[in-house]
Amino acid sequence: MLIVYRLGAHITLPGIDDIELEKFFDGLRGRTGGSVLDFVDIFSGGAFKQMTIFALGIQPYISASIVMQLLTVVIPFLEKLSKEPDGRKKITQYTRYATVILSAIQGIMISLVLQRPGSIIRSENIEIVTNPGIWWTLLTMITLMAGTSFVMWLGEQITERGIGQGISLIITIGILSGMPGGIQTISNQLLNRQIDLPKLVIFLALGVVAIMGTVYITFCVRKIPVQYARRVVGRKVMGGQATHIPLRVNAAAVQINPVQMADDLRKYGGFIPGIRPGKKTADYINDTLTRITLPGAVFLAAIAVFPLLLQGWLGTGALISGAAILIVVGVVLDTVSQIESYLTMRHYEGFLKDRRVRGRRSR
């Protein structure tokens with residue numbers, strides 16, 4: 001599935017002049033600095049700059065998912081639907097519809113820009129589209145919309161039939177696909193003496209430190225102790241065990257509902273030692289989240305700015321972003337954890353043997 005995705009990332013849209021397209025993006029980079037353009041292109045695996053059938057990639061699906069998550073919090077109907085047995089399937093279906101709509105809108109906007117590049121970079125000498133017109137606009141819109149829908153389907157198939165979260169793996173593969181080009185760029189600059197070897201060594205060392213810091217923060221959790229009261233159901237004694245609620249340092253507050261967590265604890269006979277059930281428990285969880293949000297936010301800000309400062313100091317282009325580091329590290333850790341769980345269930349020896357790799361949710 002991943003190979004199919006990478007093959008599609010090299011099939012250019014019909015009716016586009018590649019040379020003129022490269023001139024357009026060079027002019028756009030010179031006008032805007034290229035930071036946003038490079039950021040979008042990293043997540044599409046280079047498909048956006050080449051204007052392939054997968055130019056939009058999975059970004060419309062991500063946008064639709066974020067919108068649906070926010071709407072689930074603020075709209076009572078969606079919140080109630082998410083708690084029903086089949087509610088998640090319906091919300092996923094709504095997300096697919098929203099993805100198709102967003103990709104169609106973005107496809108139309110991209111087709112209009114490609115037909116009138118002078119409106120963006122103020123140049124009349126660039127003609128990207130060989131046969132512009134309403135039919136080419138319709139063709140481009142349908143192609144990009146179909147490409148995004150196909151990538152979304154690939155991700156779902158990987159999730160259902162493979163190992164790991166398919167959408168995350170597709171994003172990761174797109175990010176990692178830019179590594180060979182980045183290595184080649186650095187090698188050419190080093191051979192041409194555009195960068196110094198000591199600076200490059202420092203850059204690589206600090207990059208390793210950034211990855212190690214990302215792994216550490218990803219694993220960091222705040223454990224809230226929970227005690228379950230003993231209950232007698234018939235002749236069975238249930239409960240009486242101690243456990244904990246792991247709260248990640250860089251968790252989204254949107255995804256964690258302290259009131260819902262407090263209600264679930266009370267429903268199943270659980271309580272936090274020293275804290276009354278109900279509102280007091282919800283307030284305690286909310287206060288704990290507030291305290292751990294600050295270091296998580298500082299880390300996210302640092303990991304976003306740190307690579308940009310290093311690349312500016314080294315004098316290279318945008319090789320990788322902080323968001324890319326977070327995504328790649330998180331996806332790799334989760335995938336390795338799922339592989340270890342898969343092998344353990346079937347009594348196979350893990351490929352790391354004596355070392356156990358724990359996922360982000362298991363600590």
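Residues numbered from 1 in each chain as written. Predicted model: local features only at pLDDT ≥ 70, side-chain atom pairs only at ≥ 80, totals over all residues. Heavy atoms only, no water.

Turning our eyes to something else, we now look at the overall build of the protein chain. Of regular secondary structure, the protein chain possesses 15 helices and five strands. When burial is assessed residue by residue, the protein chain has 38% of its 363 residues classed as buried. Split by element, the accessible area of the protein chain, about 21600 Å² in all, is 62% carbon and sulfur. (Helix = DSSP H or I, 4+ residues; strand = E, 2+ residues; numbered from the N terminus. Buried < 20%, exposed > 50% of the residue type's maximum accessible area, 1.4 Å probe, protein only. Areas by Shrake-Rupley, 256 points an atom, 1.4 Å probe, with all protein chains shown as cover.)

Across the sheet, which stays open at both edges, the three strands sit in the order β4-β1-β5 with antiparallel pairing between neighbours. Taken across any chain shown, the strands that pair with only one partner, and hence form the sheet edges, are β4 (242-248) and β5 (270-271). Of the strand pairs in this sheet, strand β1 (residues 221-228) and β5 are connected by two bridges, and their pairing is antiparallel. Counted as the bridge partner of Gln227 is Phe271 from β5. (Pairing = 2+ DSSP bridges.)

Time to look at the packing of helix α5 (residues 59-74) against helix α7 (residues 87-115). At their nearest, the axes of α5 and α7 sit 8 Å apart, and the two run at 130° to each other. Considered as vectors, α5 and α7 are oriented oblique to each other. Between α5 and α7 lies a crossing of right-handed hand. Contacts between α5 and α7 involve Pro60, Tyr61, Ser63, Ala64, Ser65, Met68 and Thr72 from the former and Ile91, Tyr94, Thr95, Ala98, Thr99, Leu102, Ser103 and Gln106 from the latter. (Axes fitted to C-alpha atoms, helices over the stretch in contact; angles between N-to-C directions. Parallel < 35°, antiparallel > 145°, perpendicular 65-115°, else oblique. Left-handed = near helix turned anticlockwise from the far one by under 90°. Contact = heavy atoms within 4.5 Å.)

It is worth spelling out the nonpolar core at this point. Counting 19 residues, the largest nonpolar core has Ile16, Phe25, Met51 and Leu114 as the members making the most contacts within it. Element by element, the count of residues in this core is highest for helix α2 (residues 18-32), at four residues. What Ile16 contacts, discounting residues up to four positions off in sequence, is Leu21, Met51, Leu114, Ile128 and Trp136. Judged by nonpolar contacts, the second largest core, of 18 residues, contains Ile42, Phe43, Ile58 and Val331. (Core = buried A, V, L, I, M, F, W, Y, C linked by side-chain atoms within 4.5 Å.)

Running from N to C, helix α9 (residues 134-161) and helix α10 (residues 166-176) cross one another at 120°; their axes reach a closest spacing of 7 Å. Judged by the inter-axis angle, α9 sits oblique to α10. Facing Val151, Met152, Leu154, Gly155, Ile158 and Thr159 of α9, the residues of α10 in contact are Gly166, Ile167, Leu169 and Ile170.

Turning our attention to the confidence of the model for the protein chain. For the protein chain, per-residue confidence averages 81 on the pLDDT scale, and 85% of positions sit at 70 or higher. In the model of the protein chain, strand β3 (residues 236-238) stands out as the element of lowest mean pLDDT, 62, in contrast to α9, which has the highest, 92. Within the model, the stretch residues 359-363 combines pLDDT values under 50 with 14 contacts to residues more than four positions away or in other chains. (pLDDT = per-residue confidence, 0-100.)

What follows covers the UniProt feature "transmembrane region" (unreviewed entry) in the protein chain. Using the residue numbers shown here, the UniProt feature "transmembrane region" (unreviewed entry) corresponds to residues 58-77, 97-114, 134-155, 162-180, 200-221, 289-310 and 316-336. Structurally, residues 200-221 is divided into 91% helix and 5% strand, and its ends, taken at the C-alpha atoms, are 34 Å apart. (UniProt positions renumbered as here; feature names shortened; annotations may be inferred.)

As enumerated under the stated definition, the model contains five aromatic pairs in all. Ring geometry for Phe150 against Trp153: centres 5.9 Å apart, planes inclined by 25°, an arrangement best described as stacked. On the criterion of helical spacing, the pair formed by Phe150 and Trp153 is a turn pair, its members being three residues apart in helix α9. Judged by its relative accessible area of 40%, Trp153 is partly exposed. (Phe/Tyr/Trp six-rings, centres within 6.5 Å; stacked < 30°, edge-to-face > 60°.)

A separate point is the pattern of salt bridges. Scanning all chains against the criterion turns up four salt bridges. Taking the shortest distance from any N to any O, the salt bridge between Asp263 and Arg266 comes out at 3.5 Å. Taken together, the residues Asp263 and Arg266, both in helix α13 (residues 258-267) and three residues apart, mark about one turn of the helix. Here Lys279 and Asp283 are joined by a salt bridge, their closest N and O atoms 2.9 Å apart. With Lys279 and Asp283 both in helix α14 (residues 279-314) and four residues apart, the pair spans about one turn of that helix. (Salt bridge = Lys/Arg side-chain N within 4 Å of Asp/Glu carboxyl O.)

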